[in-house]
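Structural features, examined
Chain residues, written in single-letter form:
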Amino acid sequence: MPKVNLKSLLQGATALSLGAFGLSLPVPGMARAADIESPEQIIVTARRVEERLQDVPISISVFDQKQLSARGVTNGRDLAAYTPSLQVNGFFGGNDVAFSLRGFGQDLQTAPTVAVYFAEAVSPRGGASVETGDGAPPGSFFDLQNVQVLKGPQGTLFGRNTTGGAVLLVPQKPTGKYEGYAEAAYGNYNMENVQAVANVPVNDKVRFRVGVNQEKRDGYLNNISGIGPSNFGNVDYVSARASLVVDVTPNLENYTVATFNRSKDNGPMEQMYACNPAAVIFGALSCAQFAREQGHGPYVVENDYPNPETFIRQWQVINTTTWQAEDNLTIKNIASYGQLKNDTRTSLLSYRYVTPSIISVPTQFGIFNIPTGPLAGVNIPFLALSNTPGGDTANQETYSEELQFQGRSFDNRLTWQAGGYMEGSNTIGLSGTQSTTFLNCSNATAFQCFNVLSNFLGPALGGVIQQQTFKERFHNYGVYEQATYKLSDEFKVTEGLRYTDDLVSGIGNRYLYTFSAPNTPVAGCFPGLSLANACGQRSRVSSHAPTWLIDVDYTPNQDVLLYAKYARGYRQGSINQSGPFNHTSFAPEHVDSYEIGAKTSFHGAISGTFNVAGFYNDLTNQQIQVNFLSGGGAGQTGGVVNAGKSRIWGFELESVVKPVKDVTLDLAYTYLNTKVLQLNPVVLAPGDLFNQAIPLSQVGTPLAFSPKNKVSATASYHLPLAEALGPITASGTLTFTDKQLAQAGGPFAYLPSYALLNLNLNWENVTGKPFDVELFMTNVTNKLYANYGADQFNTLGAVSRILGEPRMFGARVRVHFQ
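Given the structure is predicted, the values throughout are model-derived calculations rather than measurements.

Observations regarding the overall build of the protein chain
Within the protein chain, the secondary structure is distributed over five helices and 51 strands. Taken across its 818 residues, the protein chain has 58% of its residues classed as buried. Within the protein chain, contacts between residues separated by at least 24 positions form 69% of all contacts whose residues are at least 6 apart in sequence.

Quick look at the structure:
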């Protein structure tokens with residue numbers, strides 16, 4: 001039997017596959033064509049050390065600052081639009097989003113599946129019963145070196161164990177040059193944005209950099225109720241950053257970054273999209289709102305909260321000390337401290353119910369029509385949410401400490417890392433929420449409320465005020481190691497192991513106020529709690545687990561990397577702030593992840609890169625979001641239970657190609673197939689306030705916010721003009737997002753697919769002068785689309801949605817100095 005040369009066979013197969021695209025691979029030793037600006041030259045830190053993107057066996061999307069600016073990325077939702085595997089859940093607005101990667105999403109009160117790191121430190125926790133923290137606040141996306149989106153479980157090298165991936169925000173580090181810029185932008189909806197950055201080398205050992213960014217913009221959603229602000233979807237944030245690098249010795253560097261973000265806007269507001277007149281009582285009220293919103297244009301909403309607001313303030317200080325102890329040993333310490341404060345006041349789901357002149361009530365004897373008399377036209381707020389009186393919705397401190405050791409053997413065949421991680425987070429002061437259901441209140445804090453529906457329907461549908469206050473503590477510890485051994489010039493094997501110990505504890509007070517008479521509350525507790533104990537309840541959950549990684553790489557030449565890996569991922573358990581008393585906590589979930597991939601570079605007449613990855617995930621003991629409903633007028637609340645099992649598979653393509661001179665094509669595509677395989681029944685305790693549990697997932701359906709197909713395609717053309725004019729680049733980006741599940745169970749469970757076109761024209765160093773001019777337009781076709789939806793068609797007869805931004809355009813001018 002003839003011998004088979006595996007190396008030659010794989011090289012031939014790779015060359016054949018590229019040849020199908022009309023491309024060719026250079027043979028080893030052949031002179032390479034001029035490189036282009038592509039992932040081939042991009043440096044990433046996905047494995048906590050600097051490496052070429054094309055050398056890292058991880059599926060990664062990377063955007064430098066120029067790409068972020070050209071695409072108009074200013075928040076997490078913008079980033080997700082251009083990253084096919086990345087999605088967001090924007091239930092609490094566009095500025096306070098939770099990331100989802102490859103179908104792994106974050107629900108209320110769960111730990112994130114996608115961790116966000118700024119300058120290698122994890123983002124501060126929110127620790128609240130609303131979705132806040134653990135992310136990138138407004139103003140985070142300026143003066144960055146790049147943003148890296150790592151896909152797949154990050155369970156060995158990074159501080160927090162996550163099942164979906166990680167988003168790394170890498171700020172520009174102070175340099176040894178005196179330089180900076182000032183920038184101003186103006187656009188429609190009175191958008192005003194200013195930026196300024198200065199880099200100052202104090203001396204040959206000390207370097208300093210400071211920057212500030214502020215943006216204001218009117219909202220694009222018109223409020224026709226006459227209550228509260230005239231528009232929603234507005235922007236108003238300021239962010240600042242300062243960093244200092246000190247070369248203590250030639251081998252010892254200390255790097256400090258301080259960052260501050262503050263945002264204050266009108267909060268989210270949903271539009272009534274459809275209604276079900278057959279739904280008992282509330283169907284008619286929902287359809288009345290739907291009718292009122294017709295004829296006022298596509299971007300219309302109705303608000304019934306007099307002073308809605310979403311306030312976010314986050315600051316963080318990160319200190320990194322790096323010591324090159326020996327040529328083959330580096331010791332790094334990363335310490336951080338940060339705080340996040342959030343105050344939210346909003347009309348949840350944005351149902352503005354108004355008392356009709358007649359309420360029709362079905363009974364066993366037929367339909368009874370009840371006149372409402374002088375109460376006709378009075379608001380019946382469905383669910384008004386605010387921070388607890390005297391406290392905040394969330395106010396949490398987070399501190400972390402990580403010690404890293406990085407080294408390599410003297411023959412460079414072995415590279416390794418090891419270290420320990422500690423994170424803690426505590427509630428500052430008092431945090432919690434107050435929710436008002438079916439009550440008309442002039443001052444809910446002072447209990448100046450009356451029950452509208454009980455006047456006609458009796459106390460069975462009486463309104464309530466729920467006050468929930470809490471203090472939470474998170475303690476996370478981990479030890480890890482990861483090593484790569486070079487078996488030969490072509491083959492490498494990597495193994496990683498981590499052990500994590502997590503503890504979440506908290507105490508909550510859960511009051512329930514009913515109103516049998518106007519302005520006369522009757523205090524009580526959630527069932528199972530006692531007024532004698534201030535309606536208090538303690539919760540605690542401890543979870544720990546090993547996670548690991550095994551990876552094999554094959555590099556036939558410097559332009560091809562083939563890899564296969566298996567990883568075990570884990571997401572910690574936590575406590576429910578507002579669920580039934582027999583579901584006060586939930587356990588961790590686990591994932592087994594399998595991935596194969598290839599990263600290739602090609603040269604010649606057509607040059608560029610082509611990367612592909614295929615993945616399969618088994619998710620067990622899944623944390624499922626559940627709506628708990630009450631038949632006694634207390635409305636609904638949310639909680640998390642371990643009740644599911646799912647599978648996720650798909651593939652990702654990313655390519656940058658320069659087909660001809662001055663033209664660059666950038667394509668990213670993800671196919672994602674998710675399915676819920678199993679849901680266990682949720683058992684409620686007898687006598688609980690909530691007597692019905694409705695999981696927001698169903699067997700056989702996809703996972704929420706997991707579109708099957710998602711594409712981002714960008715074409716850039718560098719105009720061939722005289723060099724003295726300065727570089728002029730025109731670019732256009734087309735994105736497509738397939739339909740996606742928002743909430744299982746109803747006829748409007750899916751958000752429709754949509755495509756968006758964005759254009760950009762950038763003129764750098766205008767006529768040789770140190771300033772740039774840029775024109776931009778997003779959603780050029782003014783596509784009407786939704787990025788969140790709530791389907792209660794079969795219960796309250798209402799379907800609501802949050803609309804994405806309409807056409808936005810403007811101009812930006814930047815002045816450089818050095």
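A short note on the environment of Glu-723
Relative to the assigned elements, Glu-723 resides in the loop between strand S43 (709-718) and strand S44 (728-737). C-alpha of Glu-723 to C-alpha of Thr-767: the two residues are 44 residues apart in sequence and 8.5 Å apart in space.

Section: the layout of surface pockets
Take a probe with the size of a water molecule and roll it over the atoms, and the empty space left behind shows itself. For the second largest pocket, the calculated volume is near 1,300 Å³. Lining the second largest pocket are 46 residues, with Thr-45, Arg-48, Val-49, Glu-50 and Gln-406 sitting closest to its centre. Of all the elements, strand S31 (residues 464-486) adds the most residues to the lining of the second largest pocket, at five residues.

Focus on the pairing of strand S10 (residues 179-187)
Relative to strand S11 (residues 191-201), S10 is paired through nine bridges, and the arrangement is antiparallel. Bridge assignment links Glu-183 to a residue of S11, and that residue is Gln-195. Between S10 and S11, which pair antiparallel one after the other, the connecting turn spans three residues, and Tyr-189 there sits at a positive phi close to 55 degrees. When S10 meets strand S51 (residues 808-817), the two strands line up antiparallel, connected through eight bridges. Looking at the pairing, Ala-184 lines up with Val-813 of S51.

Examining unusual backbone geometry
Generally, phi is negative for residues other than glycine and the peptide bonds are trans, each holding for most cases. With phi around 75 degrees, Asp-662 is a residue other than glycine that occupies positive phi space. Its location among the elements puts Asp-662 in the loop between strand S40 (636-658) and strand S41 (663-679). Residues other than glycine seldom take positive phi values, yet Asn-765 does so here, at roughly 45 degrees. Structurally, the position occupied by Asn-765 is in the loop between strand S47 (754-763) and strand S48 (771-778).

Analysis parameters
Residues numbered from 1 in each chain as written. Predicted model: local features only at pLDDT ≥ 70, side-chain atom pairs only at ≥ 80, totals over all residues. Heavy atoms only, no water. Helix = DSSP H or I, 4+ residues; strand = E, 2+ residues; numbered from the N terminus. Buried < 20%, exposed > 50% of the residue type's maximum accessible area, 1.4 Å probe, protein only. Contact = heavy atoms within 4.5 Å. 1 Å grid on protein atoms, 1.4 Å probe; cavity = no way out; pocket = protein on both sides within 12 Å on 5 of 7 lines; lining within 4 Å. Points joined across faces, edges and corners; volume = space filled by probe spheres on them. Pairing = 2+ DSSP bridges.

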